[in-house]
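# Close look at the chain arrangement
As a plain string of letters, each chain reads:
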Amino acid sequence: MTAHKRYGMSIDIDKCNGCGACMMACAVENNIPPAPEAANDRRGVTWIRVYKVDNHLAYPERRTAFVPVLCQQCGHDTPCVHVCPQQAVDVDPQTGIVGQMPERCLGCRYCMVACPYHARYFNWWDPKWPAGMEKTLNPDVAPRMRGVVEKCNFCHGRWHAAQQKAAAAGQSEIDPADYVPACVEACPTGALRFGDLNDSSAEVAQDAQRPESFRLLEKIGTEPKIHYRSRRDWVREIASAPRPEGKDGLRG
Amino acid sequence: MTTTRRNLLKFVGGGAAGALLTPAPWRLITDTALWSENWPGIPRPARGEIHARFTHCTLCPAGCAVRARCVNGQPVSLAGVKPHPISHGALCPWGIAGHHLPYHPARVRQGPVKEALAAVARAISQRGAGERIAVLDLRPGRTVSWTNRRAMAAMDNGLYLAPLQPAYSIDLTEAQTVVSFGAPLFDGWGTPGNVFAARANFRLVQIEPVETRTAALADVWLPIRPGTEAAMAAALAGETTIAEAARVTGVKEEAIGAVKEAIASGPAVVLAEDPASPLMSLNAKFHALGRTVVARREAPIPEAWKRAAPVNEMAAAPDGAIRVLLIDESLPGGYVPWQDIQPKLAANAVVVVFSSSSEGYARHAQYVLPAPVYPEAAEDIGPAIDTVPAVFRIAAPLIAPVVPVVNPGELIARIAGLPQTDPLRERADAIHKAGRGTLLNYADGKSTPVKQVSADDFWKTLNQGGCWMDDSGKKAAPPGFSRSVTSPAPHDDLPLTVVAAEARRGGLESPLMSKLERESNLRMTANRVALSPADARSNGIENGGHCVLETACGRLSVVAMIDAGVPAGVVEVAGGPRMADLCGASQRARVVRA
């Protein structure tokens, strides 16, 4: 019997330069299609989205930070699990990962309403890739259809691959180096780290204990497994904002 | 008991209501969803043998090492190569999705090759005395650049043109303080992995009017008044007083004084947004030459190539003299604004562009020939600005071209009558013959001295995932820099100073870049500008309103965004060749309502 994991991530906001490599790697890994013509920031699909936030001061005192927001993998009273009428969302007790089963999803979007982090996305259109580009799809992840909700699952396909590799080698535990989500692998600044929060020797678990570490909307008690950190006071303060700043008045 | 119509309806109605209390109908809905998941309109990813292949990214001069995950030979994802000593396993967002480019819907898929060759031959035979045939190479420093130069040397009155390539490299590992005049250090400058690996050891002072990605992560950001960089440079060099610089630039005296102290405390380097900027001459003042700013080194070349044509900037070409212009735009690189090129063309000039995109010079050329895109072509990448030792790395093709393409180097060599050879192999042999340096094999992460590798194995490893790096050797100081710094002249009709929000990249980008541009607010799309609330208000411009951006070079329809992070008097513009044509030769602009 293997020990239960509690996979989580730590994000150093002071290192994030907002390049977007994590968003691109996520889309490539999880077969997320390019935006249709009518898509915008509210109707697009980005399992991880880097928000540009600021301290609300006028130029030249204004300062900017980049905050990657993905499914926070709530560890307690997971809101989306509670509201799903189809049992299309569950928490894997073996990994702590909040999973989404699009084939069960009805598209009612209760989970999107319930999610306090705006980290769930609805497929408004059938997935379409330019002619020929479907050859570049990842065979480990099935594309989702129009009318279902999807979200980050810590690259579950990679976890399965790591499990299979460990099983083939006759091991009961996966090698941590074999299971790294695409966004973490892609981050050129090293701002993202991933691992088992139950393993006190893991970097991610140590990051979570740092004094400058915080979680988004900590006061609502959902026990997210994404731990942010920043030495800037104003950045830590926005963690308790009900909605990430920068959602309105987009420049993109 | 008789069965009445009423009883029958009661039974059916009761049965239907009762069925709703059972799991059956709900299960049916789930099953329907399961069925609909397999609609034929949703593509099914191909399955097959999975293996890794290595190459190098050619989308910018960094040339990061790439590990491609392939299914049946088709790349399905790209990642960095962790043990690489320069790129350190990092890729930028463009590089991560580079394998999508061959399938881009806007790709140039065909072109009039025969007609273009005939027009070029006709123009060459009919050209008058003093008229030139020229190649404009947007990515100088490659092996194919040497082919282009050799071709121009072989032609009567041939001229090789390229954007100015710095004669220096920056050694960030030696710097304790980096003073950057708008250089996008964390957003496209040099090799991303190399910059972030060195980051912990230097203090960054970013001097620019707008808080860019680099300024946001800098240790100190000095929000300078646009166009006053020369005054700041003079103060840092001790040529004017700090008080005078503070008055001109709007930066506090204490902040300028602190930067001067930081520079004096240890090895420093000055960077500028334009690598050819006279601001780079401050490095001589700070004793950085030969230490953090060193002479650029290139991989050895065959002896015969040394008779190639010299590299010229566009400004060196005589006006009205170019009868045939061949533009190699196959790789994104430095962009020369069309306003700088046009005066150099003869009245009846023939312009041929090799490109995969119809957005760049294709808008101005008579003939557009489809060029291969990454990762279709075998190329090499010259050393990046932050690469100190000479390197040689080949971008081995991961797939065959998906449309009929023309290889620019081969065609230009054919026009010039050069023998058809494999220049990459010739150069690899020259490097092997020199016997210096080591060969890093990405598959096993081992470095081997070149002397211990046969020429064939050297070539094979370079093509299957490897990189040659020269011995570190003694650092040499680069040639001197020009010292005159000019500020954009004020213009009454054009009150705004242009600042680039994004690197002016050319060429195609993955359709997935919509995630960063339209599906989030992370990057500015090509037709956007950002204004301060004050400037927007004074011009009656609303957020998201359609406007016209005007410079001395022309006009462009844009969408204006109001951003309190943009100072008054500045317009922040997106990237792309249209913006480069409009703003590249003119740093003053105005924005008016459409």
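Residues numbered from 1 in each chain as written. Chains lettered and ligands numbered in written order. Predicted model: local features only at pLDDT ≥ 70, side-chain atom pairs only at ≥ 80, totals over all residues.

## As for the overall build of chain A
When helices and strands are counted, chain A shows seven helices and ten strands. Since a compact globule built from 252 residues should have a radius of gyration of about 18 Å, the 18 Å found for chain A is in line with a globular shape. If one aligns the C-alpha atoms of chain A with their principal axes, the spans along those axes are about 55 × 45 × 35 Å. (Helix = DSSP H or I, 4+ residues; strand = E, 2+ residues; numbered from the N terminus. Rg over C-alpha atoms; globule rule 2.2 N^0.38 Å.)

## A few points about the overall build of chain B
Per the secondary structure count, chain B includes 18 helices and 26 strands. With the C-alpha coordinates aligned to their principal axes, the bounding extent of chain B is approximately 115 × 60 × 55 Å. Among the 594 residues that make up chain B, the fraction classed as buried is 52%. For chain B, the share of sequence-separated contacts (at least 6 apart) that also reach a separation of at least 24 residues comes to 74%. (Buried ≥ 20, exposed ≤ 12 C-beta atoms within 10 Å, placed from the backbone. Contact = placed C-beta atoms within 7 Å.)

## Topic: the environment of Lys 433 of chain B
Relative to the helices and strands, Lys 433 of chain B is located in helix H14 (residues 423-434). Counting along the chain gives 133 residues from Lys 433 of chain B to Pro 300 of chain B, while the straight-line C-alpha distance between them is 9.2 Å.

## Description of the nonpolar core
Judged by nonpolar contacts, the single largest core of 163 residues is most densely connected at Ala 21, Cys 22, Ala 25, Cys 183 and Ala 186 of chain A together with Leu 91 and Trp 468 of chain B. A per-element tally of this core places helix H1 (residues 21-29) of chain A first, with eight residues. Judged by nonpolar contacts, the second largest core, of 73 residues, contains Met 152, Leu 325, Val 499 and Val 566 of chain B. (Core = buried A, V, L, I, M, F, W, Y, C linked by C-beta atoms within 7 Å.)

## Some details on helix H15 (residues 455-465) of chain B
Residues of H15 of chain B that are buried: Phe 458, Trp 459, Thr 461, Leu 462 and Gly 465 of chain B. Looking at the buried residues of H15 of chain B, the elements they touch are strand S1 (50-56), strand S17 (391-395), H14, strand S18 (438-441) and strand S20 (466-469) of chain B.

## A few points about the interface of chain A and chain B
Every contact between the two is made by 61 residues of chain A and, on the other side, 63 residues of chain B. Going through the elements one at a time, H1, strand S2 (49-54), strand S3 (64-69) and helix H5 (182-186) of chain A are the ones with two or more residues in the side of chain A that touches chain B. In terms of residue count, H1 of chain A provides more of the side of chain A that touches chain B than any other element does, seven residues in total. Residues of the side of chain A that touches chain B, tallied by class, amount to 30 nonpolar, 17 polar and 14 charged. (Nonpolar A, V, L, I, M, F, W, Y, C, P; charged D, E, K, R; others polar.)

## A short note on the sheet that holds strand S8 (residues 203-207) of chain B
Strands in a sheet are paired, the pairing made by backbone hydrogen bonds, and the direction either parallel or antiparallel. Residue and element names in this part refer to chain B. With respect to topology, four strands assemble into an open sheet ordered S9-S8-S7-S10, the strand pairing being parallel. Because the sheet does not close on itself, it has two edges, and the strands there are strand S9 (220-222) and strand S10 (268-272). With direction set aside, neighbouring strand axes in the sheet form an average angle of 15 degrees. As paired elements, strand S7 (residues 177-181) and S10 share five bridges and run parallel to each other. In the sheet register, Phe 181 faces S10, and the bridge partner there is Ala 272. (Pairing = 2+ DSSP bridges. Axes fitted to C-alpha atoms, helices over the stretch in contact; angles between N-to-C directions.)

## Remarks on the environment of Asn 148 of chain B
Inspection of the secondary structure assignment puts Asn 148 of chain B in helix H5 (residues 143-154). Residues within four places of Asn 148 of chain B in sequence aside, it is in contact with Val 135, Asp 137, Tyr 160, Asp 328, Gly 409 and Ile 412 of chain B.

## Here's the deal with the sheet that holds strand S24 (residues 554-562) of chain B
All names here are of chain B. The strand order around the closed barrel built from six strands is S21-S25-S22-S24-S23-S26, with neighbouring strands paired in mixed fashion. Each neighbouring strand pair of the sheet contributes to a mean axis angle of 45 degrees, computed without reference to strand direction. With four bridges joining them, strand S22 (residues 528-531) and S24 adopt parallel strand pairing. What sits directly across from Arg 528, in S24, is Val 559.

## Describing the environment of Arg 297 of chain B
Residue and element names in this part refer to chain B. The topology assignment puts Arg 297 in the loop between strand S11 (293-295) and strand S12 (311-312). The exposure class assigned to Arg 297 is partly exposed, which follows from the 16 C-beta atoms found within 10 Å. Those residues in contact with Arg 297 that sit more than four places away from it in its chain are Pro 383, Pro 389, Ala 390 and Asp 470.

## Structural notes on the pairing of S17 of chain B
For a regular strand, side chains alternate in direction, first toward one face of the sheet and then toward the other. All names here are of chain B. A large share of S17 lies buried, amounting to five of its five residues. Residue alternation in S17 divides its side chains into two sets, Val 391, Arg 393 and Ala 395 and Phe 392 and Ile 394, and both sets are buried. Two elements, strand S16 (residues 379-380) and S17, share two bridges in a ladder whose sense is antiparallel. Of the residues in S17, the one forming a bridge with Glu 379 is Ala 395.

## A look at the domain arrangement of chain B
Residues and elements named next belong to chain B. One can read the domain layout of chain B as domain 1 (113-163 + 299-469), domain 2 (168-295) and domain 3 (496-593). Taking only C-alpha atoms into account, the centre of domain 2 sits 25 Å from that of domain 3. Its residues assigned to classes, the side of domain 2 that touches domain 3 comprises four nonpolar, two polar and two charged. (Domains from an automatic or database assignment.)

## Brief notes about H1 of chain A
Residue and element names in this part refer to chain A. Most of H1 sits inside the fold, with nine of its nine residues counted as buried. Listed as buried for H1 are Ala 21, Cys 22, Met 23, Met 24, Ala 25, Cys 26, Ala 27, Val 28 and Glu 29. Just downstream of H1, Asn 31 is the residue with a positive phi angle, here 55 degrees.

## Comments concerning the confidence of the model for chain B
Per-residue confidence for chain B averages 91 on the pLDDT scale, and 96% of its residues sit at or above 70. Scoring the predicted complex yields pTM 0.92 and, for the interface, ipTM 0.94. (pLDDT = per-residue confidence, 0-100.)

## As for unusual backbone geometry
Each neighbour pair has its own omega, and for Tyr 59 of chain A with Pro 60 of chain A the value is 5 degrees, a cis peptide bond. Of note, the amide linkage connecting Tyr 374 of chain B to Pro 375 of chain B takes the cis form, showing an omega dihedral of 0 degrees. Counting through the fold element by element, Pro 375 of chain B comes out in the loop between strand S15 (367-370) and S16. Phi is positive for Gln 87 of chain A, which is not a glycine, with a value near 55 degrees. Within the secondary structure, Gln 87 of chain A sits in the loop between helix H2 (79-83) and strand S4 (89-91). What makes Gln 87 of chain A exposed here is the crowd of 10 C-beta atoms within 10 Å.

## Some points on the packing of helix H9 (residues 242-249) of chain B against helix H10 (residues 253-265) of chain B
All names here are of chain B. At a minimum axis separation of 9 Å, H9 and H10 run at an interaxial angle of 125 degrees. Here H10 runs oblique to H9, going by the angle between their axes. In this structure, the crossing between H9 and H10 has a hand that is right-handed. Together, Ile 242, Ala 243, Ala 245 and Ala 246 of H9 and Glu 253, Ile 256 and Gly 257 of H10 make up the contact between the two elements. For the contact of H9 with H10, the per-class residue count stands at five nonpolar, one polar and one charged. (Parallel < 35°, antiparallel > 145°, perpendicular 65-115°, else oblique. Left-handed = near helix turned anticlockwise from the far one by under 90°.)

## Concerning the packing of H14 of chain B against H15 of chain B
Residue and element names in this part refer to chain B. Here H14 crosses H15 at 125 degrees, and the two axes come no closer than 10 Å. What the angle tells us is that H14 and H15 run oblique. Where H14 crosses over H15, the handedness of that crossing is right-handed. Along its contact with H14, which presents Arg 425, Ala 428, Asp 429 and His 432, the element H15 presents Ala 455, Phe 458, Trp 459 and Leu 462.

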